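In case you want the letters, here they are:
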Amino acid sequence: KQEVTQIPAALSVPEGENLVLNCSFTDSAIYNLQWFRQDPGKGLTSLLLIQSSQREQTSGRLNASLDKSSGRSTLYIAASQPGDSATYLCAVRDYKLSFGAGTTVTVRA
Amino acid sequence: SAVISQKPSRDICQRGTSLTIQCQVDSQVTMMFWYRQQPGQSLTLIATANQGSEATYESGFVIDKFPISRPNLTFSTLTVSNMSPEDSSIYLCSVFSGVGETQYFGPGTRLLVL
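Here the structure is a predicted model, which is why all the values come from computation and not from measurement.

Caption draft 1: Representation of the overall build of chain B within the structure. Helix and strand counts for chain B come out as 0 helices and 11 strands. Along the chain direction, N to C, the helices and strands of chain B fall in the order β-β-β-β-β-β-β-β-β-β-β. A principal-axis box enclosing the C-alpha atoms of chain B has dimensions of 40 × 25 × 25 Å. When each of the 114 residues of chain B is scored for burial, the buried share is 53%. Long-range pairs, those at least 24 residues apart, make up 53% of the contacts in chain B with a sequence separation of at least 6.

Put into structure tokens, the structure is as follows:
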């Protein structure tokens, strides 16, 4: 059974600081890994999708890396802004999508 | 990409009653997924719905409690039956679409059972 862990559970940083969010998974036989953002009371927004054959994906200030052999992914958010405050979820797909518990980020103005 | 809508967006229900949640996708998809997010928790897959066949349920979820319909390639319903306060959650519909099969989610249905 795939287990997905996200560390830390919560993070508070001043505006402008870079964010580093970690995700680990137990079974490396994955199809892809996806990072989502969830705002309070809202649904999920897809941020980045990394295929199992890829090492990283970038979109604007966001960069996600994937090391499948060690079962790890990292989401970097550069120059954080208060609007980045949200819960970030990592999800790994084998035959289904398995989610971590999320990292709740607060960016202080 | 895929645009997903859900109805209702939220509801307050009495225990023992049932609620049917609708999910509509703007494109034809083979599989539709139903997830539950309990308060303060992450997402858990309830079942996978394929058009023209029985839904496949994950461990801990049964058809009698969560019957699913999938009448065509753009629509699905999830019913939460004989509700109890423990069923208070957000229920989300999801599909794979596009390059690399990105997974997209609907806005969710927020259910409170009293």
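Caption draft 2: Here's a closer look at the state of the cysteines. Taken as a whole and judged by the stated rule, the model has 2 disulfides over all chains. Across the disulfide, Cys23 of chain A is cross-linked to Cys90 of chain A (sulfur-sulfur distance 2.0 Å). Torsion about the S-S bond of the Cys23 of chain A and Cys90 of chain A cystine: about -60°, corresponding to left-handed handedness. With a gap of 67 residues between them, Cys23 of chain A in strand β3 (residues 19-25) and Cys90 of chain A in strand β9 (residues 86-93) connect regions that are remote in the sequence. Comparing Cys23 of chain A with Cys90 of chain A shows no difference in burial state: the two are buried. Across the disulfide from Cys23 of chain B sits Cys93 of chain B; the S-S distance is 1.9 Å.

Caption draft 3: Looking closely at the sheet that holds strand β1 (residues 4-7) of chain B. Residues and elements named next belong to chain B. A sheet is described by the order of its strands in space; here 4 strands give the open sequence β1-β3-β8-β7, paired in antiparallel fashion. In the strand order of this sheet, the two ends are held by β1 and β7 (68-72), each with one partner. The sheet shows a mean angle of 20° between the axes of neighbouring strands, direction not considered. Here β1 pairs with strand β3 (residues 19-25) via 4 bridges, running antiparallel. Pairing of Ser5 across the sheet is with Gln24, part of β3.

About the criteria used
- Residues numbered from 1 in each chain as written.
- Chains lettered and ligands numbered in written order.
- Predicted model: local features only at pLDDT ≥ 70, side-chain atom pairs only at ≥ 80, totals over all residues.
- Heavy atoms only, no water.
- Helix = DSSP H or I, 4+ residues; strand = E, 2+ residues; numbered from the N terminus.
- Buried < 20%, exposed > 50% of the residue type's maximum accessible area, 1.4 Å probe, protein only.
- Contact = heavy atoms within 4.5 Å.
- Disulfide = S-S within 2.5 Å.
- Pairing = 2+ DSSP bridges.
- Axes fitted to C-alpha atoms, helices over the stretch in contact; angles between N-to-C directions.

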